[in-house]
Amino acid sequence: MDNSALVKAAVDVRARAYAPYSRFMVGAAVETDDGRIFAGCNVENAAYPEGTCAEAGALAAMVAAGGRQVRHVVVCGGGNAACTPCGGCRQKIREFARPDTPVTMVSDSGRVLMVRTLAQLLPDSFGPDSLA
Ligand code: THU
């Protein structure tokens, strides 16, 4: 499967991250089941806890456009260390993805550093079906 457009979306949006406090820029892109791609970057705030993660931005853009089912997530951090989603973002992804949905971590140049399924990142998770 060709993921180049999804990877490029994550790499490109990372350049627009607003991270003046941590200087840690992150981009994320999600692809929906119908092939649409949505991107988001981290947006920090002088009131530090109000900052938001890249994954949250990408998911918010998806939902605002009517998207619901994620089939692939790409996260782009700096350098060559994989930027894995924080705990809160794993749960946010959980809302819209399946246990076997891949989450791919790429370098700032788009090189694949790590691939995990959502279930590997968030085992025994609580989700919409848990409320049924
Ligand atoms: N960050 C993300 O946007 N996504 C991640 O997966 C990990 C961390 C952001 C939050 C904060 O703006 C900065 O990276 C440092 O933690």
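Up top is the structure.
Since this is a predicted model, take the numbers as computed values, not measurements.

## Examining the nonpolar core
Okay, so step 1: Counting 20 residues, the largest nonpolar core has V30, L59, M62, V70, V73 and V75 as the members making the most contacts within it.
Okay, so step 2: Elements that contribute at least two residues to this core include exactly β1 (27-32), α2 (54-64), β3 (70-76), β4 (102-106) and α4 (118-121).
Okay, so step 3: Per-element accounting of this core gives the leading share, four residues, to α2.
Okay, so step 4: Those residues in contact with V30 that sit more than four places away from it in its chain are L6, R36, I37, F38, A58, L59, M62, V70, H72 and V73.
Okay, so step 5: L6, V11, V74 and V106 belong to the second largest nonpolar core, which has nine residues in total.

## Re a nonpolar patch on the surface
Okay, so step 1: A cluster of nonpolar side chains, contributed by Y18, Y21, V43 and Y48, occupies part of the molecular surface with about 440 Å² of accessible area.
Okay, so step 2: Turning to its location among the elements, Y18 is positioned in the loop between α1 (4-14) and β1.
Okay, so step 3: Residue classification places Y18 among the partly exposed positions, given a relative accessible area of 43%.

## Quick word on the packing of aromatic side chains
Okay, so step 1: Per the counting criterion, the structure on display carries one aromatic pair.
Okay, so step 2: Both rings, one in Y21 and one in Y48, keep their centres 5.4 Å apart while their planes meet at 40 degrees; by these two values the pair is tilted. Placement of the pair is Y21 in the loop between α1 and β1 and Y48 in the loop between β2 (37-41) and α2, with a sequence separation of 27 residues.

## With respect to the site of the ligand
Okay, so step 1: If you check the shell around the ligand, you find S22, F24, V26, N42, E44, C53, A54, E55, C83, T84, P85 and C86 and nothing else.
Okay, so step 2: At a separation of 3.0 Å, an oxygen atom of the ligand approaches a polar side-chain atom of N42.
Okay, so step 3: Measuring from an oxygen atom of the ligand, one finds a side-chain N or O atom of E55 at 2.5 Å.
Okay, so step 4: Contact with the protein chains removes 76% of the 380 Å² of surface that the ligand exposes when unbound.

## Concerning α2
Okay, so step 1: Buried residues of α2: A54, E55, A56, A58, L59 and M62, and no others.
Okay, so step 2: Where α2 is buried, its residues meet β1, β2, β3 and α3 (87-94).
Okay, so step 3: The positive-phi residue at the C-terminal boundary of α2 is G66, with phi of around 95 degrees.

## Observations regarding the pattern of salt bridges
Okay, so step 1: By the definition in use, this model includes five salt bridges.
Okay, so step 2: For R36, the salt bridge identified is with D34, shortest N-O distance 3.5 Å.
Okay, so step 3: Between R94 and D129 there is a salt bridge, and its shortest N-O distance comes to 3.0 Å. Of this pair, R94 sits in helix α3 while D129 sits in the segment after α4, placing them 35 residues apart in sequence.
Okay, so step 4: Residue class for D129 comes out exposed when judged on its relative accessible area of 52%.

Thresholds applied
Sequence order as written defines residue numbering, which begins from 1 separately in each chain. Reporting of local features is limited, given that this is a predicted model, to residues whose pLDDT is at least 70; pairs of side-chain atoms are given and counted only at 80 or more, and all residues count toward the totals for whole chains, interfaces and linings. Only hydrogens and water are removed before side-chain values are computed, so all heavy atoms of the structure are retained for them. For this analysis, a nonpolar core means a set of buried residues of the types Ala, Val, Leu, Ile, Met, Phe, Trp, Tyr and Cys, connected via side-chain atoms within 4.5 Å. Only protein chains enter the accessibility calculation, which uses a 1.4 Å probe; a residue is then buried when its area is under 20% of its type maximum, exposed when over 50%, and partly exposed in between. Labels follow the DSSP assignment, with helices taken as runs of H or I lasting at least four residues and strands as runs of E lasting at least two, numbered in each case from the N terminus. The contact criterion used throughout is that any non-hydrogen atoms of two residues lie within 4.5 Å. Here, patches come from residues exposed beyond 30% relative accessible area and free of salt bridges, joined within 9 Å for like charges and within 5 Å for nonpolar side chains (Val, Leu, Ile, Met, Phe, Trp, Tyr). Each accessible area value is a Shrake-Rupley result obtained with a 1.4 Å probe; residue values ignore everything except the protein chains displayed when judging cover. Whenever a carboxyl oxygen of Asp or Glu lies within 4 Å of a side-chain nitrogen of Lys or Arg, that contact is scored as a salt bridge. Pairs were defined over the aromatic rings of Phe, Tyr and Trp, the Trp ring being its six-membered one, requiring ring centres within 6.5 Å. Orientation was assigned from the angle between planes: stacked under 30 degrees, edge-to-face over 60, tilted for the rest. Near is defined per residue: the residue qualifies when any heavy atom it owns lies within 4 Å of the molecule or strand. Here a polar contact is recorded for every N or O atom pair within 3.5 Å, except that within protein the pair must consist of a potential hydrogen donor and a potential acceptor, and residues adjacent in sequence are included only if both atoms are side-chain atoms.

These figures come from the coordinates and say nothing about function on their own.
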